[in-house]
Amino acid sequence: MLTIFQTREEIQAYRHQLGDDLAFVPTMGALHRGHSSLLASAMEHNPITMCSIFVNPLQFGNVNDLDTYPKTLEADIDLLGKEGVRFLFMPTPEDLYGAGVDSPKIDIAPLHDIYEGKMRPGHFDGVLKVLYTFFHLIQPNHVFFGQKDLQQCMVVEKLIAQCFPMMELHICETVREESGLAMSSRNTRLSEEGKIHAAQIFKSLNEIGGNLDNGMDFNEAFNLSKEHFASCRIEIEYLDLINLPNMDAASHRKKETRQALVFAGVLEGVRLIDNVILD
Ligand code: PAF
């Protein structure tokens, strides 16, 4: 049975009854197969799993994006029930942030000002604020995040290292449609044709990855793929080869370094992100 906590006070009052071993999956709702897979990984690790559904206003720079963020609460609760999740935390912004938990300054340099940090000023401050607050209240020892938000995963790694060293971060592989399109709550805003075009993102990332493995430099590989994006009417915001964890740009594939291709772009007014980790 799913128990729903709606306030910080409820969490604080019941937390000690949940035991020392608690897995946590934070979400903003509109749950899809990507979330199911995160929840399944968490449950496999620990059947005492808490999920949160909270559309965090602090991480949206654009009010329209916040207002149009999909909300499917009834279906979400059904899905949590089916996955066997035991606890759901679903606070309001007023409750979560009112007379708030003070969060310390967390140093995420250089991630603050690049890629998602640059395109969405203030976004990671909002993510850090909500995650610090959740981790502090819920005290999970295992937390689960999707690789699709790779930069967010790197930010969480820094948050955990600085503030919650006993917590273990699990980065779960991106779940994709059959076409290769990464699952995202925002995909519901794409037309059927848009969804077909959006599948080009993963195809191109793999093609670039293959060319890099064959010794091509990144600029050349990227230039070859530009035409595919244009023919699918995808406007590229960024597409880079980066070194992990600090996401500094690289010009060549270095097999001994952990590298990834990161992408963000806009299609039919919908912002899409994706990445592949090269191994
Ligand atoms: O990835 C998300 O859905 C959000 O950024 C998160 C981690 C739930 C924080 O609001």
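Look up a bit, the structure's there.
The numbers attached to residues start from 1 for each chain and follow its sequence in the written order. Where totals are concerned, whole chains, interfaces and linings use all residues; where local detail is concerned, this predicted model gives features only for residues with pLDDT of at least 70, and gives and counts side-chain atom pairs only at 80 or more. The side-chain values count all of the structure's non-hydrogen atoms but skip hydrogen atoms and water molecules.

Colleague: What is the right way to look at the overall build of the chain in this model?
Modeller: Numbered from the N terminus, helices here are DSSP runs of H or I no shorter than four residues, and strands are runs of E no shorter than two. Counting secondary structure elements, the chain contains 11 helices and 10 strands. Counting only C-alpha atoms and orienting by the principal axes, one finds that the chain spans roughly 60 × 40 × 35 Å. Buried, partly exposed and exposed residues are distinguished by accessible area as a fraction of the type maximum, computed with a 1.4 Å probe on protein chains only: under 20%, between the cut-offs, and over 50%, respectively. Put simply, the chain has 279 residues, and 54% of those count as buried. The long-range share in the chain, meaning contacts at least 24 apart out of those at least 6 apart in sequence, stands at 74%. Contacts are residue-level and defined by heavy atoms, with any inter-residue pair within 4.5 Å sufficient.

Colleague: I tried to follow helix H7 (residues 123-138) on my own but got confused; where do I start?
Modeller: Count 3.6 residues to each turn of an α-helix, and residues three or four apart come out pointing the same way. Between its first and last C-alpha atoms H7 spans 22 Å; for 16 residues at 1.5 Å apiece the expected length is 22 Å, and the two agree. Counting buried residues in H7 gives 13 out of 16 residues, a clear majority hidden from the surface. Looking one or two residues past H7, Gln139 carries a phi angle of roughly 50°, positive in sign. Residue count minus one, scaled by 1.5 Å, sets the expected span of a helix.

Colleague: Mind showing me how you'd approach the site of the ligand here?
Modeller: The local shell around the ligand consists of Pro26, Thr27, Met28, Asn56, Gln59, Val130, Phe145, Asp149 and Gln152. The term polar contact refers here to a pair of N or O atoms within 3.5 Å; inside protein, the definition further demands a hydrogen-donor-capable atom paired with an acceptor-capable atom, and it admits residues adjacent in sequence only when both atoms are side-chain atoms. Between the ligand and the protein, one listed contact pairs an oxygen atom with a side-chain N or O atom of Gln59 at 2.6 Å. Each accessible area value is a Shrake-Rupley result obtained with a 1.4 Å probe; residue values ignore everything except the protein chains displayed when judging cover. Bound to the protein, the ligand loses 89% of the 290 Å² it would expose on its own. Each residue receives one of three labels: charged for Asp, Glu, Lys and Arg, nonpolar for Ala, Val, Leu, Ile, Met, Phe, Trp, Tyr, Cys and Pro, and polar for the others, Gly being one of them. Partitioned by chemical class, the residues of the shell around the ligand number four nonpolar, four polar and one charged. Proximity is defined per residue: any heavy atom of the residue falling within 4 Å of a molecule or strand makes that residue near it.

Colleague: Which parts of the structure should I look at to understand the packing of helix H2 (residues 33-45) against helix H4 (residues 73-83)?
Modeller: To describe two helices that pack against each other, one gives the angle between their axes and the distance between the axes. Two elements in contact, H2 and H4, have axes whose closest approach is 10 Å; the angle formed by their N-to-C orientations is 35°. For the element pair H2 and H4, the recorded crossing hand is right-handed. Contact with H2, carried on its side by Ser36, Leu39, Ala40 and Met43, involves Leu79, Leu80 and Glu83 of H4 and no other residues of that element. Partitioning the contact of H2 with H4 into residue classes produces five nonpolar, one polar and one charged. Comment: axis = line fitted to C-alpha atoms, over the contacting stretch for helices; angle = value between 0 and 180 degrees taken between N-to-C directions. Should the near helix be turned counterclockwise from the far one by less than a right angle, the crossing is left-handed, whereas a clockwise turn marks it as right-handed.

Colleague: How do you make sense of the pairing of strand E2 (residues 23-27) when you look at a structure like this?
Modeller: On any regular strand, side chains alternate: one points to one face of the sheet, the next to the other face. Here E2 lies mainly inside the structure; five of its five residues are buried. Between any two strands, at least two bridges found by DSSP are needed for them to pair. The pairing of E2 with strand E3 (residues 49-53) spans five bridges and is parallel. Paired with Pro26 across the bridge in E3 is Ser52. If you view a crossover with the strands going away from you and the path from the first strand over the helix to the second runs clockwise, you call it right-handed. For the handedness criterion, the β-α-β arrangement of E2, H2 and E3 is classed as right-handed. Sheet topology places E2 next to strand E5 (residues 142-146); two bridges connect them, and they run parallel. Across the sheet, the residue bridging to Ala23 is His142, located in E5.

Colleague: In this structure, what is going on with the nonpolar core? I would like to understand it.
Modeller: In a soluble, globular protein the nonpolar side chains are often hidden away together inside. Residues Met50, Phe89, Leu131, Phe134, Phe135 and Ile138 are the most contacted members of the largest nonpolar core, which totals 46 residues. Elements represented by at least two residues in this core include exactly strand E4 (87-89), helix H5 (93-97), H7, E5, helix H8 (150-163), strand E7 (235-243) and strand E9 (259-267). The criterion is simple. A nonpolar core is a set of buried Ala, Val, Leu, Ile, Met, Phe, Trp, Tyr and Cys residues joined through side-chain atoms within 4.5 Å. Counting 24 residues, the second largest nonpolar core, distinct from the first, contains Ile234, Ala250, Leu261 and Leu267.

Colleague: Where do I start with the packing of aromatic side chains in this structure?
Modeller: The geometry of two aromatic rings is summed up by the distance between their centres and the angle between their planes. Pairing of aromatic rings covers Phe, Tyr and the six-membered ring of Trp, with a centre-to-centre limit of 6.5 Å; geometry is then stacked below 30 degrees between planes, edge-to-face above 60, and tilted otherwise. Counted by the stated rule, this structure contains 13 aromatic pairs. Measuring from centroid to centroid gives 5.8 Å for Phe89 and Phe134, while their planes differ by 70°, and the two rings are edge-to-face. On the criterion of sequence distance, the pair formed by Phe89 in strand E4 and Phe134 in helix H7 is long-range, its members being 45 residues apart. Residue classification places Phe89 among the buried residues on the basis of a relative accessible area of 0%. Aromatic ring contacts, followed pair by pair, group Phe24, Phe54, Phe89, Tyr97, Tyr132, Phe134, Phe135 and Phe164 into a single cluster. Sitting above the plane of the Phe202 ring, Arg176 keeps its charged end 3.5 Å from the centroid. Placement of a positive charge over a ring is assigned whenever Lys NZ or Arg CZ falls within 6 Å of the ring centre and within 35 degrees of the normal to the ring plane.

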